[in-house]
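# Report on the structure
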Amino acid sequence: MIKLIAIDMDGTLLNHDKKIPEDNIRAIRKAAEAGIKVVICTGRMQSGVIPYFEQLDFAGHDEYAILNNGCSVHHTSDWSLHSYEELSREDVALLAKASVDYPGVHLTFADKTDYTVLDTEVPEIVAYDAGLVFTKAKPVNDVTVFGNAPIFQAMYLADKEVLDVFQEEQEALLSEKFSTVRSQSYIYEAMPTGVTKASALAKLSAELGISPDEVMAIGDAENDLEMLEFAGVSVAMGNASETVKAVAKYETATCDDAGVARAIETYALV
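Heads up: these notes are all about the structure in this document. (Residues numbered from 1 in each chain as written. Predicted model: local features only at pLDDT ≥ 70, side-chain atom pairs only at ≥ 80, totals over all residues. Heavy atoms only, no water.)

### A word on the packing of aromatic side chains
- Counted according to the given criterion, the structure contains nine aromatic pairs.
- Consider the rings of Tyr52 and Phe134, whose centres lie 5.7 Å apart with planes at 50 degrees: the pair is tilted. Residue Tyr52 is found in helix α2 (residues 50-56), and its partner Phe134 is found in the loop between α4 (124-132) and β8 (138-140); the two are separated by 82 residues along the sequence.
- The partly exposed category is assigned to Phe134, whose relative accessible area is 46%.
- Ring pairing ties together the aromatic residues Tyr102, Tyr156, Phe166 and Tyr188, which thus form one cluster. (Phe/Tyr/Trp six-rings, centres within 6.5 Å; stacked < 30°, edge-to-face > 60°. Helix = DSSP H or I, 4+ residues; strand = E, 2+ residues; numbered from the N terminus. Buried < 20%, exposed > 50% of the residue type's maximum accessible area, 1.4 Å probe, protein only.)

### A word on the sheet that holds strand β1 (residues 4-7)
- Taken in spatial order, the eight strands of this open sheet run β5-β4-β3-β2-β1-β12-β13-β14, and their pairing is mixed. Each of the sheet's edge strands pairs with one partner strand only, and the pair in question is β5 (81-84) and β14 (250-251).
- Here two bridges tie strand β13 (residues 233-236) to β14, and the two strands are oriented parallel to one another. Along β14, the bridge assignment pairs Ala236 with Glu251.
- The sheet contacts of helix α6 (residues 197-207) involve β1, β2 (37-41), β3 (64-67), β4 (72-75), β5 and β12 (215-219), and relative to β3 the element is tilted by about 155 degrees. (Pairing = 2+ DSSP bridges. Contact = heavy atoms within 4.5 Å. Axes fitted to C-alpha atoms, helices over the stretch in contact; angles between N-to-C directions.)

### Re the pattern of salt bridges
- Scanning the model with the defined rule gives 15 salt bridges in all.
- Between Glu214 and Lys3 there is a salt bridge; the shortest N-O distance is 3.1 Å. Placement of the pair is Glu214 in the loop between α6 and β12 and Lys3 in the segment before β1, with a sequence separation of 211 residues.
- In this structure, Lys138 and Asp114 form a salt bridge, with 3.0 Å as the shortest nitrogen-oxygen distance. Taken together, the positions of Lys138 in strand β8 and Asp114 in the loop between β6 (106-110) and β7 (115-118) put the pair 24 residues apart, joining distant regions of the chain.
- We classify Lys138 as partly exposed; its relative accessible area is 43%.
- Residue classification places Asp114 among the partly exposed residues on the basis of a relative accessible area of 24%.
- Through salt bridges that share partners, Asp23, Arg26, Arg262 and Glu265 make up one connected network. (Salt bridge = Lys/Arg side-chain N within 4 Å of Asp/Glu carboxyl O.)

### Notes on the packing of helix α1 (residues 22-33) against helix α9 (residues 259-268)
- At a closest axis distance of 7 Å, the pairing of α1 and α9 adopts a crossing angle of 30 degrees. Taken together, the axes of α1 and α9 are roughly parallel relative to one another. The element α1 and its partner α9 pack so that their crossing is left-handed. On α9, the residues that touch Asp23, Asn24, Ala27, Ile28 and Ala31 of α1 are Gly259, Val260, Ala261, Arg262 and Ile264.
- For the contact of α1 with α9, a count of residues per class yields six nonpolar, two polar and two charged. (Parallel < 35°, antiparallel > 145°, perpendicular 65-115°, else oblique. Left-handed = near helix turned anticlockwise from the far one by under 90°. Nonpolar A, V, L, I, M, F, W, Y, C, P; charged D, E, K, R; others polar.)

This is how it looks when you write it as structure tokens:
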């Protein structure tokens, strides 16, 4: 019996137009009404989740959201922090050093409210990505300006060809110190060591008294792999990468064909 459904956002809950299909909304509401915990698990920061979550209309339900690729867990009733992992100021300095010799690779940071880029101005690719999470990036020219607010994750943004070179040359070093993942062609992410969507999901499930066998996870990308491996019922979107499909036990329809709804109807509401 499924007691918790973990759902990725981009390429999963959202279609390619960055909208939630109505069938997904209906199926998720049915699951919540049946007493199943519904947990959004995304690499997005808070500003990029709330407008979508409001469409799901979970009034009266005590839900959680795992954001920043597992770095922060929030209560969705008021978006307060339930728990979090953060990058140290030493981590931030190391991340900045890794990209200093790579023109075109832009280092960004996410905290609870701000999207920051280490630059004198906001590059176009960073402005684009910030727009996807309904915010504006703030440029800073020195990592020492960060105060005491927790920094959840870092992202290197660049054109694919430039980022390919950076990842090839720096991944071995960065992976020794951080949890890293190429979540999109133009984004290479770094989280505190050991932190993934799966690590946050495992802790939350244990707190709720839910075993892995009672968890269903739905995803499409590389940053969903550990989450899918953790869940007793793992479902790859029809538009997922072949790597993701190879890990998942099941496959559903694409994000443009309400694959989340199909998965919930087939594997959870039975």
